[in-house]
Amino acid sequence: MLPLERYRVIDLGTAFAGSMPGQYLADLGAQVIKVEARTRPDGLRYGPGPVLKSKAKSREDLLELNPNFHAINRGKQGITADITSRDGVRLIKELVRVSDVWIDNFTPDVLPKHGLDYRGLRQVNPTLVMVSLSVAGQEGPLRDTRAYANTITALSGISPLLGYEDTTHPEDLHIAYGDTNAAIFCALAVLTALFHRRKTGRGQFIDLSAWESTACLLGEPMLEHQLLGIVPGHQGSRHPYAAPHGNYPCQGDDAWVCIAVTTDEEWQGLCRAMGRPAWAQDPRFADGYARTKNRAALDSPVAEWTRQRTPQEASALLQREGVPAAPVLTVRDRATDPALRQRYINDVEHPMFGMAPVYALPWRLKRTPPQVRGPAPLLGQHNADVFGELLGLPPGDMQALIKQGVL
């Protein structure tokens, strides 16, 4: 039995931030029902690459071929319901009555217009745990802000830290860091609220801010400013208080090894791995403060040593001496790395594009390990299961609602 097998989750989340919490809960055993509208499906369904587009036989097929949607929504059931219609709202409330958790990432003004805010849903199910994940929370001057991951990164203060020392403007991560980080906090909040409900019998509303979920991780730069008056700037791959620290060139085409020496013990290990070269006795590198102050002079001989080895050879020699080091992997390297594939990758068969690798949860419970239990749902795939079998909607009524565009 998986940890969350007895729980049912209504997932109105979209994109990365809203969809990933349900993915975590599904892997832990919850029945996660993803709600979309046929007129407005999850935006992650759009934009499959040209290779996958060739598999589409119709316009509807294109909505099933985005690998991002498949990876992030695997293991869920999928239904369609128009929450802007009276019948759609009625059916969703019926589903709330027999569910445990609600997740959405709408702006705060959306759900109250349809009677689907916590005040309305609590009347249907007082034990409901409801999470609304917005950019900046349900209250405050930024409550109506609309944003994607990169704008959340900008609001959080991360962007000015990115880039090399000679960079003249804030950089962008180009990955959905703000979204994925907020999703992890969302899943943690759900588990905490369910634990509280188990003890007290009471549900609750969780107001989650993606902006705050990202900004709270910048504790070190914030303390640096508060205590020392310093405004940290572009750092590249260097660490402000450690050296050698960063990515160093290796043998091969665009090949690199990452090295992070933060203690004197690790420095001695690096010296042993490199055969105790004469330059390692230079007084400019005698302790951590000196190495940081003279990092430019230190980086050159370290890079000269790494260039003579492949990333795997360099990291193996350093690890053997207790030095944190690893090859810098590309996405292709990561997908084919045997160690990562053994622990991290699951193959799931999708009805449209066949067998595809998806990443697993990064923790292993010995008695109840998480499982990737199936592919992402096709649009409305489980309407009959949820509305017909679970809610008892007669087939004739379901067909009428489909014709009306409600389902």
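Residues numbered from 1 in each chain as written. Predicted model: local features only at pLDDT ≥ 70, side-chain atom pairs only at ≥ 80, totals over all residues. Heavy atoms only, no water.

Trainee: What am I meant to see in the overall build of the protein chain here?
Mentor: For the protein chain, the helix and strand inventory stands at 18 helices and eleven strands. By the burial criterion, 46% of the 407 residues in the protein chain qualify as buried. Counting only contacts in the protein chain whose residues sit at least 6 apart along the sequence, the fraction spanning at least 24 positions is 69%. Carbon and sulfur atoms provide 54% of the accessible area of the protein chain, an area that totals close to 21400 Å². (Helix = DSSP H or I, 4+ residues; strand = E, 2+ residues; numbered from the N terminus. Buried < 20%, exposed > 50% of the residue type's maximum accessible area, 1.4 Å probe, protein only. Contact = heavy atoms within 4.5 Å. Areas by Shrake-Rupley, 256 points an atom, 1.4 Å probe, with all protein chains shown as cover.)

Trainee: What is the right way to look at the pairing of strand E10 (residues 345–350) in this model?
Mentor: On a regular strand, one side chain projects to one face of the sheet and the next to the other, so that they alternate. In the sheet, E10 pairs with strand E11 (residues 354–359) via six bridges, with the strands oriented antiparallel. Bridging from a neighbouring strand, Val348 pairs with Ala356 of E11. Hairpin remark: E10 followed by E11, antiparallel, with three residues in the connecting loop. (Pairing = 2+ DSSP bridges.)

Trainee: It is not clear to me how the pattern of salt bridges should be interpreted in this structure. Could you clarify?
Mentor: Here the idea is simple: oppositely charged side chains can pair when their charged atoms come close. If you walk through the whole model with that rule in mind, you get 14 salt bridges. Residue Arg143 is joined to Asp144 by a salt bridge in which the shortest nitrogen-to-oxygen separation is 3.2 Å. For Asp144, a relative accessible area of 42% puts it in the partly exposed group. Where salt bridges share partners, they join Glu36, Arg45 and Glu64 into one cluster. (Salt bridge = Lys/Arg side-chain N within 4 Å of Asp/Glu carboxyl O.)

Trainee: Whenever I open this one, the nonpolar core confuses me. Can you help?
Mentor: Core analysis: the biggest nonpolar cluster contains 35 residues, and Val9, Leu25, Val101, Ile103, Leu133 and Val190 have the highest contact counts within it. For this core, the leading source of residues is helix H8 (residues 177–200), giving eight residues. Ignoring any residue separated from it by four or fewer positions in sequence, one finds Val101 in contact with Arg8, Val9, Ile10, Leu128, Val129, Val190 and Leu194. (Core = buried A, V, L, I, M, F, W, Y, C linked by side-chain atoms within 4.5 Å.)

Trainee: Teacher, can you tell me more about the sheet that holds strand E7 (residues 245–249) here?
Mentor: Sheet strands line up and pair through hydrogen bonds in the backbone, either parallel or antiparallel. Spatially, three strands are ordered E7-E8-E9 in an open sheet, and the strand pairing comes out antiparallel. The open sheet terminates on both sides in strands that have one partner only, identified here as E7 and strand E9 (325–327). Within this sheet the neighbouring strands show an average axis-to-axis angle of 20°, counted without direction. The pairing of E7 with strand E8 (residues 256–260) spans five bridges and is classified as antiparallel. What sits directly across from Gly246, in E8, is Ile259. (Axes fitted to C-alpha atoms, helices over the stretch in contact; angles between N-to-C directions.)

Trainee: What is the right way to look at the packing of aromatic side chains in this model?
Mentor: The geometry of an aromatic ring pair is captured by two quantities: the separation of the ring centres and the angle between the planes. In total, this model carries four aromatic pairs according to the counting rule given. Judged by centre distance (5.6 Å) and plane angle (35°), the rings of Tyr118 and Phe205 are tilted. Here Tyr118 is found in helix H6 (residues 118–124), whereas its partner Phe205 is found in strand E6 (residues 204–209), with 87 residues between them in sequence. Given the relative accessible area of 29%, Phe205 is considered partly exposed. One aromatic cluster is present, formed by Trp267, Trp279 and Phe285 through successive ring pairs. In this structure, Arg74 is placed above the aromatic ring of Tyr359, and the distance from its NZ or CZ to the ring centre is 5.3 Å. (Phe/Tyr/Trp six-rings, centres within 6.5 Å; stacked < 30°, edge-to-face > 60°. Lys NZ or Arg CZ within 6 Å of the ring centre and 35° of its normal.)

Trainee: Explain the sheet that holds E6 to me, please; I cannot follow it from the model alone.
Mentor: If you walk across this open sheet you meet the six strands as E3-E2-E1-E4-E5-E6, and the pairing is parallel. Among the strands making up the open sheet, the edge pair consists of strand E3 (77–80) and E6. Taking the axes of each pair of neighbouring strands and ignoring which way they run, one obtains an average angle of 20° across the sheet. Direction of pairing for strand E4 (residues 101–104) relative to strand E5 (residues 129–134): parallel, over a ladder of four bridges. Counterpart to Ile103 in the pairing with E5 is Val131. The strands touched by H8 are E4, E5 and E6; relative to E6, the strand with the most contacts, the crossing angle is about 165°. Where helix H17 (residues 383–390) meets the sheet, its contacts fall on strand E1 (8–11), strand E2 (31–36) and E3, and the angle it forms with E3 comes to roughly 75°.

Trainee: Explain the environment of Tyr177 here, please?
Mentor: For Tyr177, the location among the structural elements is in helix H8. Considered as a pair, Tyr177 and Leu270 are 93 residues apart in the sequence and their alpha carbons are 32 Å apart. When sequence neighbours within four positions are dropped, the list of residues in contact with Tyr177 reads Ala149, Ile158, Thr214 and Leu217.

Trainee: What should I look at first to understand helix H5 (residues 86–97) in this one?
Mentor: An α-helical turn contains 3.6 residues, so a residue and the one three or four places further along point in the same direction. The terminal C-alpha atoms of H5, which comprises twelve residues, lie 17 Å apart, in line with the 16 Å expected from a rise of 1.5 Å per residue. All of the buried residues in H5 are Gly88, Val89, Leu91, Ile92, Leu95 and Val96. With its buried residues spanning 165° around the axis, H5 presents them on a single face. (Expected span 1.5 Å × (residues − 1). Arc of directions from axis to C-beta.)

Trainee: Help me understand the environment of Tyr241 in this model?
Mentor: Turning to its location among the elements, Tyr241 is positioned in the loop between helix H10 (219–228) and E7. Separated by 20 residues in the primary sequence, Tyr241 and Val261 have C-alpha atoms spaced 10.0 Å apart. Once you skip the residues sitting within four places of it in the chain, Tyr241 turns out to touch Glu220, Glu224, Thr292 and Arg295.

Trainee: Hey, could you run me through the environment of Met222 in this one?
Mentor: Structurally, Met222 is set in helix H10. With relative accessibility at 46%, the residue Met222 sits in the partly exposed group. Remark: the alpha-carbon pair of Met222 and Phe106, spanning 116 residues in sequence, is separated by 29 Å.

Trainee: Mind showing me how you'd approach unusual backbone geometry here?
Mentor: For residues besides glycine, phi is generally negative; the peptide bonds are generally trans as well. With an omega dihedral of -5°, the bond running from Ala243 to Pro244 counts as a cis peptide bond. Inspection of the secondary structure puts Pro244 in the loop between H10 and E7. Even without glycine at this site, Ala15 takes up a positive phi of about 55°. Relative to the helices and strands, Ala15 is located in helix H1 (residues 15–27). For Ala15, a relative accessible area of 27% translates into the label partly exposed.

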